[in-house]
Each structure stands twice: as structure tokens, then as C-alpha cells.
Amino acid sequence: MRFPRKVVSYFYDEEIGNYSYGEANPMRPHRLRLTHNLVTHYGLARQLVIHRPSPRDARQLTEFHADDYVNFLQNITPDNKSEYIAQLRRFNVGVAGEADCPVFDGLFQYCQVYAGGSVDGAAMLANGSSEICVNWSGGMHHAKKAEASGFCYINDIVLAILELLKTFQRVLYVDIDIHHGDGVEEAFYRTDRVMTVSFHKHGEFFPGTGALGDIGYNRGKYYSLNVPLREGMDDASYKTIFEPIMEKVLEVYQPEAIVVCAGADSLSGDRIGCFNLSLEGHSNCIEFLSKYSVPMLVLGGGGYTLRNVSRCWTYETGKLMGSEMSDKIPERALREYNYYMDTGRLRIETSNMRNANTAEHLEMIKMRCLENLSRVPPAPGAPLQERPAHHELSSDPEEDPDVRGGGQAASERRREQDDESDSEDDYRIRPSMNSSPPPKRMRVVENGPMLGHMDDHGGDPQEEEMEGMGQADDMKIDEEAGQMMVDMFRGDDNMGGMSSASEVDPETM
């Protein structure tokens, strides 16, 4: 399936792959470096609008998360974790090698960057500068308002949706990760301004939520749609249930923006997952949503067999751009990383595992979902109210995020400096005030500062000053808009500033 070429913005920070959850943890941010490497060697980077995420500060993270939880993430380190024993238990964070969500070097900076990419992408969709935004480092759909869960600390998806809701009346969230998107569903369980749809393995499987009968509550009733599946789901079965359900969702709900969590752990051969999807089967879901030409934010998520994760997200980046890619992985990519020596091919083979999803079972689930959708009032709107301030994006040109001294700003400096010096120091990345349009070959935009350097094994980053976290009453917005932001995004506080639920207050949405 091929579609007309669209403006696709792509968020990547070259330091994101340096962070490490620990050797025994299956979550490996290094997969993002592998993905970007393949994207580059397939020539896709020349056609993308590449952005470096602007890290979210502590105050901005509290638009959804509790103050004390963000403060904890900001201050905890592997060296001082013994001082936070009670908070470690309270916020479901543990020791590297023992917990799904361990304390590791640069934890807060890591959260700032991946959340920044998702919110920046949402802001670009809102201002109309891009039709599709991709942030493979995002998709942390398990994080709650005051609790880490399932390798997720900050819920960038909720923060991105909140940004979209400042402009769009209705946002559709679609989750094709093998795990239920519980953190996102919980945040919007009582509102009709966000519809959450999750296709996931259900039963004795993390996180154990997402039953067919979980349909939302109060004003959000029927706006949470869960499609529980069994192990062995293959391409044909997935298409049979995904397309009719999503077609009905789009017809009834008429979303103005779509957010997709495209976790690659639903692929065949995943280290944790138990589905049997090929790249084509997984990508078909995103391609199907793309053809409706609704502004779309595509995020990562799970995925624990690194070589297949990078293959999948590279393939889907190309499909979103309308590009056809050779099945043979470029030689330079094979030389740089030996992850693909299993076949040397982009596409993966599925296994002969048994599909436990019978046609009768899938038909029952589909009919139940369609029945619930028939009860949804058509295209709910939002009440008239003053809009909160939008997230501001920088317009400064930026260097190529993966090549030191590359990009528009550096190219112009080189023309001035070629006759003066060949020293590498002359080509170091420096801020630029040049605002002329970027070259046609690659368009990149400066959105934020770089992280401190970390070595490939997750070594200590350069020390950065930890700033105190702002409170809601410190927001520099007018009194009326400020009150609306507090009501809309944070809910009532208890337990010392932590809400007991991970929901957004629906009464002000």
C-alpha cells in the first residue's frame, strides 16, 4: 500500500541510545540508535524533517504527573538511592537488575528527552507545520500519574495528548503494543474528548488490565475500547479484527488528531511478546490509519528483540513517507552493526507457532466492540473556554543530530572558515541565530539543548545543575487560564501532592 508523500517530522537525539536500564533489563534504549542508523542508510533521513527534542522541565512534566513523583525522579541517583527507600516502594522504582523500572544514571534526563520529542511532535501537528510526526523514543504507555510501571517513568503519550487537546476537540489514541495501554486509558477514562483503543494480549500477561468490558466511566463511557487477544496472533487475523473496528471508530468518533503507540513487541520472535506478526502485518495498522489524512503522532513503545525493533520502525518510517525500501539491508548498515547478520534482510520471517485466536473468538470480540461503538454519540465536542498556552517551538536551524558539524548552520560556518582553519574545533556544534530556510537535501530544526555526554555503556553524564521543580501557582499565565490549566491537567491533590488516581479531570476538558 502506497500513499502520496506527506510532510513527516522525525524526532531524534543522538544521546538517547547511551542510557542503560542495566544489563539484565530487556529494555534497551540502544534500539533507537540502531533504528536511526537504518533510517539514515536507507536514505530516508534526506526526505525527513529532523528535529532534536526539547527536554521537558520538571514544571512541564507536572501537567500530568504529581509534583512529589517528578521531584523524586529529578533527584534520585544510583548513589543516593539508599536515602529514598520509602519513595522507591511508593513510586514502584527499584534497583538495577531487580526491577522493571530501575534507578540508573541520567534517569531524569532520559525522561525529559523522550517526553520532549512527543510533546514537540504534538505541538507541530497542532500548529499545522507537519502532517505526521514520529518519535520512536516515546510511547511509554504504562506510566501513571505518580508511579513508574513496565519500563515507563513519564507518560509522554498523556502529555502529548494534553498538548493536542489545546487545539483539537477530539483525539484518538490507538495502541498496537502487545501490552495493554493502561496508563493512557486510566488518564482519560472519564472523558469523551479522548477515545482510547488498545489491541493487546490479555489473560495472565502484564499489566493484566484491558478486559473487553472495560469501556470507560461517566462522560467517558464507551470511549475506552479494549480488544483482548490471545497468543499467536498472525497478520491475517490481526487485519480481520483491526480494520473493521478502526473503520467504525473513525466513522463514529471523527477524530481531529490520532496518536499511535506502535510497540514492536507484537512482532514474531520478540523476547517478551507472544504474537506472530510480520513487519507488513504490524505496519498495515499504521498505514490504514494514515490513509484517513488525519494529523498523526506515531510513537514507539515496547520491543525487546533489538534487531527486529529497528527493522520494524525503519520500515514504518519509510511507509509513512510513501517510500518503498529494498529488502536487502545496505552494506554500510551491516558493517556498522552486526545485529542483522541473521539474514541480512529488512523483513522478518514469522514462526509456525499456533494461533490461539479462532475465527469464532475474533468474531465475538469484533461484534462486542462494534456494539459498544454503536452507542457512542457522533462526534462529541468541547465546551467553549479559553485555551491554555501552547507549547512553543524554537525555529533556530540545527546541525545534523548524528554528524558533528553537519546541517545548515554548520555548512554556513564552514564556508566562512574553510580558508582560515582546518581545526576540528572550528566546526564544533554551537548555537546559531541564522533563520534562513534549510537546504532541500535535509531540513532540520533546533528544538533544544543537547544532553551531557554518556559513554555507550551508560556511564556517568556530565553533571547538570538540578533545578527545583515549579508548582502550579508558579505558572506564568494569566489567572483565569492558569486556573483552567490546573483543573484540566492536574486534578485534586491529596497524599502530600499526589493524586490517588492517574486521571485527567473530565469536567474541564
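Everything numeric here is computed off the predicted structure, so don't read it as measured data.

Student: Now, about unusual backbone geometry: what can you tell me, with residues and values included?
Tutor: Trans is the common state for peptide bonds, and a negative phi is the common state for residues other than glycine. The omega torsion across Phe206 and Pro207 is -5°, close enough to zero to call that bond cis. Tracing the chain through its elements places Pro207 in the loop between β5 (194-201) and β6 (224-229). The phi dihedral of Phe151 falls on the positive side, at around 75°, and the residue is not glycine. Following the sequence through the fold, Phe151 ends up in the loop between β3 (132-135) and α6 (156-164). A positive phi is found at Asn218, a non-glycine position, where the angle reads about 60°. Counting through the fold element by element, Asn218 comes out in the loop between β5 and β6.

Student: Can you explain the nonpolar core? Please cite residues and give values.
Tutor: As a rule of thumb, soluble globular proteins bury nonpolar side chains together. Judged by nonpolar contacts, the single largest core of 140 residues is most densely connected at Tyr153, Ile161, Phe188, Tyr238, Phe242, Met246 and Leu289. Excluding residues that lie within four positions of it along the chain, Tyr238 makes contacts with Ile176, Phe199, Leu229, Met233, Phe275, Leu277 and Cys285.

Student: Give me the lowdown on the confidence of the model for the chain, citing residues and values where you can.
Tutor: For the chain, the average pLDDT comes to 83, and 74% of its residues sit at 70 or higher. Counting contacts from residues 402-486, a segment whose pLDDT is below 50, to residues more than four positions away or on other chains yields 162 contacts. Low pLDDT, under 50, characterises residues 488-500; the predicted model gives this stretch 36 contacts beyond four residues in sequence or across chains.

Student: Lay out empty space enclosed by the protein with the relevant residues and their values.
Tutor: Inspection of the entire model under this criterion finds two cavities of 30 Å³ or more. Here the largest cavity defines a volume of roughly 80 Å³. Lining the largest cavity are 13 residues, and of these Phe11, Tyr12, Leu32, Trp136 and Ser137 lie nearest its centre. Contributing elements (two or more residues each) for the lining of the largest cavity: β1 (8-11) and α1 (30-41). Per-element accounting of the lining of the largest cavity gives the leading share, three residues, to α1.

Student: A description of the pattern of salt bridges should follow, citing residues and the corresponding values.
Tutor: Taken as a whole and judged by the stated rule, the model has 18 salt bridges. Note that Glu14 and Arg52 form a salt bridge whose closest N and O atoms lie 3.9 Å from each other. Separated by 38 residues along the polypeptide, Glu14 in the loop between β1 and α1 and Arg52 in the loop between β2 (49-51) and α2 (58-61) bring together distant segments of the chain. Each member of the pair, Glu14 together with Arg52, is buried. Of the charged contacts in the structure, one is a salt bridge between Lys201 and Glu231, with a shortest N-O distance of 3.9 Å. Of this pair, Lys201 sits in strand β5 while Glu231 sits in the loop between β6 and α8 (235-253); the two residues are 30 residues apart in sequence, bridging distant segments of the chain. Exposure remark for Glu231: the relative accessible area of 31% places this residue in the partly exposed category.

Student: Could you give me a rundown of the packing of aromatic side chains, with the residues and numbers involved?
Tutor: Inspection of the entire model under this criterion finds 19 aromatic pairs. Considering the side-chain rings of Tyr337 and Tyr339, the 6.4 Å spacing of their centres and the 50° angle between planes classify their relative orientation as tilted. Here the aromatic residues Tyr19, Tyr21, Phe104, Tyr110, Tyr114 and Tyr153 are joined through ring pairs into a cluster of three or more.

Rules of the game
- Residues numbered from 1 in each chain as written.
- Predicted model: local features only at pLDDT ≥ 70, side-chain atom pairs only at ≥ 80, totals over all residues.
- Heavy atoms only, no water.
- Helix = DSSP H or I, 4+ residues; strand = E, 2+ residues; numbered from the N terminus.
- Core = buried A, V, L, I, M, F, W, Y, C linked by side-chain atoms within 4.5 Å.
- Buried < 20%, exposed > 50% of the residue type's maximum accessible area, 1.4 Å probe, protein only.
- Contact = heavy atoms within 4.5 Å.
- pLDDT = per-residue confidence, 0-100.
- 1 Å grid on protein atoms, 1.4 Å probe; cavity = no way out; pocket = protein on both sides within 12 Å on 5 of 7 lines; lining within 4 Å.
- Points joined across faces, edges and corners; volume = space filled by probe spheres on them.
- Salt bridge = Lys/Arg side-chain N within 4 Å of Asp/Glu carboxyl O.
- Phe/Tyr/Trp six-rings, centres within 6.5 Å; stacked < 30°, edge-to-face > 60°.

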